[in-house]
Every structure is written in C-alpha cells, then in structure tokens.
Amino acid sequence: MNESNDELTLNNYLPSQVEQKWQKQWDSLRAFSPNPSDKGDPFCIVIPPPNVTGSLHMGHAFNTALIDVIIRFQRLLGKNVLCLPGTDHASIAVQTILEKQLKTEGKNSEDIGREEFLKRAWIWKEQSGGKIISQLKRIGYSVDWERERFTLDEKLNEAVVEAFNILHEKKLIYRGEYLVNWCPASQSAVSDLEVEMQEVNGYLWHFKYPLISDQGQILDEYLEVATTRPETLLGDTALAVNPNDERYKKYIAKKVKVPFVDREIPVISDIHVDKDFGTGCVKVTPAHDPNDFAIGKRNNLKQINIMNKDGTLNINAGKFQDLDRFDARKQIIKELDTLGLLTKIENYKNTVPFSDRGKVPIEPLLSTQWFLKMDNISSSCLKELDSKKPTFIPQRWEKVYKDWLDNINDWCISRQLWWGHQIPAWYVLKQSEDSIDQNTPYVVARNEKEALSKAIKEFGSNLQLIRDKDVLDTWFSSGLWPFSTLGWPNINDADFKKWYPNSVLVTGFDIIFFWVARMTMMGKTFTNNIPFKDVYIHGLVRDENNKKMSKSSGNGIDPLLLIDKYGSDALRFALLREVAGAGQDIRLDFDRKENTSSTVEASRNFANKLWNATKFVLINKTFSENYSLNESDEKYLELSDKWILSKLNQLNTKVSNLLIEYKLGESAKLLYEFAWNDFCDWYVEFAKQKFNNKESHNRKLSEKILIKVLTDVLVMMHPFMPHITEELWHKLQKKPEQILLSLQKWPVLEKKYINSQIDKSFQELFEIIRLIRNLRVELGLKPSQLVPVYLISDNVELTNFLKTLIVDIKTFTKSSEVFICKSKDIDKNDFAKSFSGIIGEIEVYLPFSDFVNLEALKDRLTKDLQKVNSDIETLNKRISNKNFIDKAPKDIVEECFAKLKEGNLQSERINKKLKLLK
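To start, this report covers the structure provided alongside it. Along each chain, residues carry numbers from 1 onward, in the same order as the chain's sequence is written. This being a predicted model, a pLDDT of at least 70 is required before a residue's local features are given, and a value of 80 or more before pairs of side-chain atoms are given or counted; all residues contribute to the totals for chains, interfaces and linings. Remark: hydrogens and water are excluded; side-chain values derive from all non-hydrogen atoms of the structure.

1. Some points on the sheet that holds strand β29 (residues 842-847)
Inference 1: Spatial ordering of the open sheet is given by β27-β26-β29-β28, a layout of four strands whose pairing is mixed. At either margin of the open sheet sits one strand with a lone partner, and together these are β27 (815-821) and β28 (834-839). Sheet twist, expressed as the average angle between the axes of neighbouring strands with direction ignored, equals 20°.
Inference 2: One bridge is not enough; two strands pair if DSSP finds at least two bridges between them. Here a strand is any run of E in DSSP of at least two residues, a helix any run of H or I of at least four, and the numbering for each starts at the N terminus. Bridge analysis of strand β26 (residues 787-792) against β29 gives three bridges, and the strand direction is antiparallel. Within β29, the residue paired with L791 across the bridge is V844.
Inference 3: The contact criterion used is simple: two residues touch if any of their non-hydrogen atoms lie within 4.5 Å. Each axis is a line fitted through C-alpha atoms, and for a helix only the stretch in contact is used; angles between axes span 0 to 180 degrees, taken between their N-to-C directions. Contacting β26, β28 and β29, helix α25 (residues 756-779) runs over the sheet at an angle of about 155° to β28.

Rendered as structure tokens:
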C-alpha cells in the first residue's frame, strides 16, 4: 500500500468535507472563469436569475443540476465555456418587504421619500440579497462567479435605458390611458402573465335599474341585470343588450337610472352581448371591465373610474367613498335590497383573476401607463421558427411558444413602484405649471442632460423637467439578460463577441411566456439574433404524493436539509436519475417525519460504492506509474478484460450522444448501471481472482484496466457528481490539486475494443450465474455448501466460451464443480432430483438429494405455495369485481393483472419443484 493513499483507504466518505474542499479549490483557482481569447469553440449558458429575495428551493436545485451537467460536459469536450450567474431585483417582492418594515416603524414609503427608500433597498439587498447565491454555491455550480450580474447593476441599467430609447425611437413604445390589471396590494399594474386565474365559489347578484320616460320621469318598470361585481354599478355608463334579442329590442335607446349616484344612462345594443348569460341584459362599466371597455370604445361611452389605487372607492362612488371594494359590495347589496331593487342571489362558481405577486383579486382599472407594441416584434420571432430558431427540447413546447406569439397583446411595461429601473422619460412643464396630466408632453432620453437638450429644442427654454416616477416591469430587464450580461449595447465587448448568442437556455415550462418569449423578441429586436440556439424545457419537482410543490400547499422539500444529510452530489444525482425524459415532471420521495429520502439515500449509497471501489483499486495497486494500456498489453487481455473495455467504450459513445441531445436522465441511468453492476459487481470480482497471484502478468494488466476503467467512469460521472469524482480522480491519478478533473478532456473513444458478440456472451454468463444463485437460494443452501452444477448446451461457441471461465463460474456460484456438456453426452434421468432452469440455449441443473434436508425443503416450499395461492385468490377477487375494473385507475388495474400473471407462474414453478421432492 502506498502511504500517499492512506487517507483515502482509511477514511470513510464524508460528503460535507469533500464538497467544501473542492468548492473552495475551484473558487481559489478561478476554475470556471474563462477568457474569451482562450482556445475552444464557445459554449454559453446565462442562467435564469433567481429573485434576490429568494432562498433555495427544490426547483432551483433541479434547474441547477440540469444546467451544471450540461456545462461541465461541454467543458470536458474542450469548449470555451461560460456559465454566467446572477440575480433579479424582483421589484414587487422587495417593495413589499420594505413597506412591511416601514409599517413596523409607523411609516410608509411616501413618508421617507424615494431617495431614502432606495437607499434602504440597496442596504437590504447587500445584507440579505446574497443568501440564495451562497446556497446555490453549495450545489457545486460551476459558474463564473466573477461575472455575477444583478439586474440593477450600473451596466445593466445602462442597457435597459438604451433599450427603452431605441424602442421609443422606433415608435414601439407609447403612453396612454387603458384598462390594466391593477394589484391593490402592491398598488401597481401587473401584466397579463402575472395574473393567476382561480376558481372561487361566489354569487351572481340580480338587481333592477328603473326605466326613465322620454320626459325624464322614473317609471314603475325596470331592466334586470346579473353581475358578480355589484359595486361597479357606481361606474356604469350604459346597459347593453344583444340587437337580436327579441326581449329587449323595444328598450334600445331608452334610459335607466343608476342607483345611488343619480346618473341616467342609455340602453345600447352590442352584438357581443351574450343573450344566455344572466338576464341577457348587462351593465357596462368601461373603466372597470375589459369587455365593457371594448363595448365602451365601440359605442363612445364615458369612462368613470370609481376606484382608488389601494382598492377603496373614490369620490365618484358618492356615499360609498373610502369603503374597501369588498365592504362596499356588502353595503350596496344591503341597500339595493332595502330599496326593493335586489331580486335574486344565486350561488355561482366563477373564475377570478388574482395577482400572482400580491395574492389578491385583480381590479381592472383605467390607468395611464407605458406600453410596448408587440405585433411586429413577435412576428419577427415567428419567422425565425421556420428555421428552428430556437429549437425546443422537447419539441411540443414550440407550439406553446408559437401560439403565444400569435395571440400577443401590447405589453404594459410600467409599474407604480420605486425599486427597479426608473423609466427614462421626463415630462415637460412650463415654469408656472405644477402638475402632470394625460396630455403633458414628455421626452425620452438616456439621461437628464440629454432630456433637457431635447426639451429645449422642441419646447423652448421656459420649462422644467419632472422625471416619470414609475419603473419598468421586471421582465423588461430580464428580457435583455442573455446579452446585457455580456456587455451589450457595446457589441465590441469581448464577451459579447465570443458568447452571444448563447448556446442553450435551461428553464421551466411555466415561464415560456414570462421570460423565454420576451428574450427572443428582445434579442431579435436589438441584436438581430435569437439569443440562444436551444431551449431545454424541464418539468417540475413533485412531492412524495406526486403533487406540485408550493408555498401555499406547504409541501416543499428543503434541498439544504437533504444536502446536509446526504451531500449535494447525492441530491444532484437523485434528481437527475428521476428524469424520464426532457420536459417530464419528476417525483422525489420524502419522509416528513424523519426528514429522509430513500431516493437521495440511494444516490448517497452509489457515491459510497464509487468511493469503496476506488479504495479497492488503490489498496491492491502494486505499481505507481506507467499504468496506461499499450499495444503490447492487448495480446494478454482475458475475456473479462475485453468485455469490460467493450462495455466502457459503448458507455462512452452512448452517454456522450445522450448528453449532446440533452437526455440527461437517460445518461445518468446508464452511468449508474455500468458503474454499479458491470464494474463494481462483476469486473472487480473477476479482478480479485487475478489478484490471488501477485506476480502474474495478468494481475498487473488487471490493475491497469481497473485504473483505466475507473478513471474514465469518474470523468464521465463528473458532470453529475462533481465533488466526489474530483476527489477520487486525484487520489487515483496522484495529480496535484492545482490540476482539476473539471478541466480535463472527455475520455478518448477506442472503437477497436467494442465487441457486440462478447457483450452478448457475458450477458448470458451473468444470467446463468444469477439462475444458479437463485436455485441455491430456493434449495436453502448455505454459502459454505459447495454443490456441483451442470450446464448443458449444443451451442459449441457458447460452451467453449463458458469453459474458459469455469474457475470464475465456480467462484461466483459457490460450486464444487462446473460440468459443461452436450445434450447427447448426458442422461437427463440422472437429473431427476435436481432444481433446474433454462437460459437461452443453456440448461442448468443443480442436483440436491445429497445436499439438502428434503423434508425441510418440502415444508418451506409448501408454505411458499400457500402464500402465493392466497395472493392469487385475492387478486382474482379484485379482477372479478366490475366496479374495480371500471373505476380504478388504469395503471392500478394493469398492475393487478401483472401481479396475477406472476403469481400463477410462481405457483406453477413451486408445484414443479414439489413434484421433484416426492
């Protein structure tokens, strides 16, 4: 044993020690900070920026694992790889946190002013904002932390300002008064994509509007409407009916009285009124409903806003002024009933828009906002899809992306917040003016100096400038992320020239609209390129009950808890092995009482297996150098050597091809099967036989092959389990810690070793060994009981192959002798008292009469048969139950039939064995 290997051979695997060690080493060596002038084709991923308010959740861990596998693999291929990290400023979330802090001081943001508020925001960001970054580092993310970006960085802010100016100069940005989604909780407009539709149990209130005669008198005649939002009647400017509705034709052009506000409004006709909803007559509130807004535009109706920004009613609500919208609703219903105008209340399940950020019902509100025209921008991206730019993996998500681009609306890009990118627009007022209204002129500029110059040129010198208070939607800056992080608008920046467009975007399906489409549109607009070649869409991590994890459900699993218990390599590999295919959700089991996961524990066990296999190699290593295979070694290769080298090179081909195609889960499974089964369970056992003779050439050759195979496996496993593979590779290769596995090359493919026939032969050998071991278990033989085995076949090629491995077969099966015969050379009557089985063209016999207690064996088999028959009876009862067949989930029914089939086979096998014992 070499003294340099003592640490590895004596210590157990402690993930936390190994992971901390290599994270520090990667960081100190700037291992993942590439130079754009370095050799290698460019490969770049700009990671999805998590919110600065966030903390690590399982979705982050999953996304990180996927990205890091891709990045580390491409680095091993010799690419010049950049993986750029960063965080998003999360306007609404941060604003909400700070407002709550101020509330505890008895203040609000207006009390301290914008400048002080932003000062506090930056202090908070510095103190708390790095939490998720430090957590992400624990997963072993191989990103360039020196290039870490924050969406409010000075350079990124300059990019946002430049983008806004360019869009405005192209007449794609405009300002106007439109109906927007208003969140009373955050007191800001939110985009359509930040609205979550929720089904709620509500009511449909029916009430009447008195008709007015042509002379202006209130008649004892009414028109009835039905609505889910009765408080909006205070802003009604018409009732509408379908022109083809015979019930209401005579009322068109008549007038009715709006209760409480003493307003006369017309009855109009509009073809879009649904005759079958409610009474067929609808109230029209253009300032508070999207459909009513459209009706109002078609019919030139007045727009009356009754709502303050905090969700209370304003002066236009009359006596209901200052009431919260839902309190006003209750009061209005009560008073309508008192006036005899309330006719009916129905239970009604309807879909209500909620603010994804504020978690309260959205209020459609007439508001002056900034908008980005989307038609031309989206159409340019649609054209790029003809040439698969970008390519979606899996492809089905392309349709989702395309459909959204086809049906896009103009984007409300302004938000009534202070934390964010302040809109670079200045209102131009005369020196004597002190207020801004809908018609106040403005200039858009890159800074105040430029704004003043533009304003004086257009309006003269007698003016003052007031900057727009609003900030841009967070997704505006996120849309620039793939290129603003690389130095745009400076297109001569070395990073931009080297790594733009990015190679691949890895993200969840839930933000295709929020982020992916916006990045493609922004990228195409500003760089004339789609910002990434591929878009890999992954699914969600579901809990142990297959439910989506969410804060509201309280079913999230803390990845740090699992990392502390099992290590980040184990968590990464567990998540990746669960991926059945690109875009598929994965399920992670978790015992909430014990805070354990059998899936992650299994991956930890796999890490231990690699650790112990390396220990075995190092303990048995008898030479310290020149352990690479050479041509002179090849003539000494035994069958087991040829087999493992064939399997290794097939693995190399399959895994590299799968990773290139982003089939990460499939590649993880292949690596696991090879490392655990082919290498550890089989080849290491073959090697042990050779180690019995320390002086033989075969021993040294076997050592070389062990080191060769294990080294290649560690390199291929590295993207999945980077820490343990880095540690074991160094121990195996005896490299200084300044030379990193992370920066090595993918193993060279040696096709000359690939031999499909030898693979097939060894597969049959392993099945024969498994059968013999199973027969021994059925006979109740102890490991110390050596019994003869008979292998009978007329396949000469197969029997010759098996004869060369008789010693190994004896060892693996605890056999006293292994006889390999042709069928003509034996009398099968001699095997009347044998347990047997067939594998392909081989019959296997284990004589038992001289080796086992027949009565004890009969007793055990009889008990096994009773249990199997009992299970069969239970399964038959279930299958004969028509309710079960009709109502149970399909997979449960199919599983029941499969169990019944297997049970019948077991019963048949046991009965045959009992007959042998008579």
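2. Structural notes on helix α2 (residues 15-28)
For the α-helix, the turn length of 3.6 residues means that residues three or four positions removed from each other point alike.
Inference 1: Take the residue count of a helix, subtract one, and multiply by 1.5 Å to get its expected span. In a regular helix each residue adds 1.5 Å, so 14 residues correspond to 20 Å; α2 covers 20 Å between its end C-alpha atoms and thus fits that length.
Inference 2: A 1.4 Å probe rolled over the protein chains alone gives each residue an accessible area, and that area as a share of the maximum for its type sets the label: buried under 20%, exposed over 50%, partly exposed in between. Every buried residue of α2 is accounted for by P15, V18, E19, W22, Q23, Q25 and W26. The buried residues of α2 occupy one face: seen down the axis, they fall within an arc of 165°. The outward face of α2, more than 90 degrees from its buried face, is lined by the exposed residues Q17, K24, D27 and S28.
Inference 3: Contact partners of the buried residues in α2: α3 (58-76), α6 (131-137), α17 (559-566), α18 (568-577), α19 (598-619) and α24 (722-733).
Inference 4: Looking one or two residues past α2, R30 carries a phi angle of roughly 50°, positive in sign. The reported arc concerns the directions from the helix axis to the C-beta atoms and nothing else.

3. Considerations on the sheet that holds strand β15 (residues 391-393)
Inference 1: The three strands are arranged β15-β23-β22 in an open sheet whose pairing can be described as parallel. Two strands lie at the open edges of the sheet, namely β15 and β22 (502-508), each paired on one side alone. Pairs of neighbouring strands in the sheet enclose a mean axial angle of 20°, with direction left out of account.
Inference 2: Packed onto the sheet, α3 meets β22 and β23 (532-538) and runs at close to 160° relative to β22.

4. Regarding the pattern of salt bridges
Inference 1: In the sections that follow, a salt bridge refers to a side-chain nitrogen of Lys or Arg positioned within 4 Å of a carboxyl oxygen of Asp or Glu. Here the structure, examined in full by the defined rule, presents 49 salt bridges.
Inference 2: Between K824 and D825 there is a salt bridge, with its nearest N and O atoms 3.3 Å apart.
Inference 3: With a relative accessible area of 66%, K824 lands in the exposed category.

5. Some words on the packing of α18 against α19
Inference 1: In the contact formed by α18 and α19, the axes pass within 8 Å of each other and the chain directions differ by 115°. The element α18 and its partner α19 pack so that their crossing is right-handed. Residue-level inspection shows A570, L571, F573 and A574 of α18 in contact with α19, the latter providing T599, V600, S603, R604 and F606.
Inference 2: The residue classification treats Ala, Val, Leu, Ile, Met, Phe, Trp, Tyr, Cys and Pro as nonpolar and Asp, Glu, Lys and Arg as charged. All others, Gly included, are polar. Partitioned by chemical class, the residues of the contact of α18 with α19 number six nonpolar, two polar and one charged. Whether a crossing is left-handed or right-handed is set by the direction in which the near helix is turned from the far one by less than a right angle, anticlockwise for left-handed and clockwise for right-handed.

6. What to know about the pairing of strand β11 (residues 263-269)
Inference 1: As judged from the three bridges shared by strand β9 (residues 238-241) and β11, these two strands associate in the parallel manner. Of the residues in β11, the one forming a bridge with V241 is S269.
Inference 2: Across four bridges, strand β10 (residues 255-258) lies against β11 in antiparallel orientation. In the sheet register, K257 faces β11, and the bridge partner there is E264.
Inference 3: Between the end of β10 and the start of β11, which pair antiparallel, lie four residues, with F260 showing a positive phi angle near 80°.

7. Examining unusual backbone geometry
Inference 1: Looking along the chain, the bond that leaves K389 and enters P390 is cis, with omega of -5°.
Inference 2: Structurally, P390 can be placed in the loop between α10 (375-384) and β15.
Inference 3: In this chain, Y500 is followed by P501 through a cis amide linkage whose omega measures 0°.
Inference 4: Tracing the backbone shows P501 in the loop between α15 (494-499) and β22.
Inference 5: Residue D262 is not a glycine yet carries a positive backbone phi of 55°.
Inference 6: Judged by relative accessible area, D262 falls into the exposed class, the value being 58%.
Inference 7: Positive phi, close to 55°, is recorded for N300, a residue that is not glycine.
Inference 8: The residue N300 is located in the loop between α8 (290-298) and α9 (325-338) in this model.

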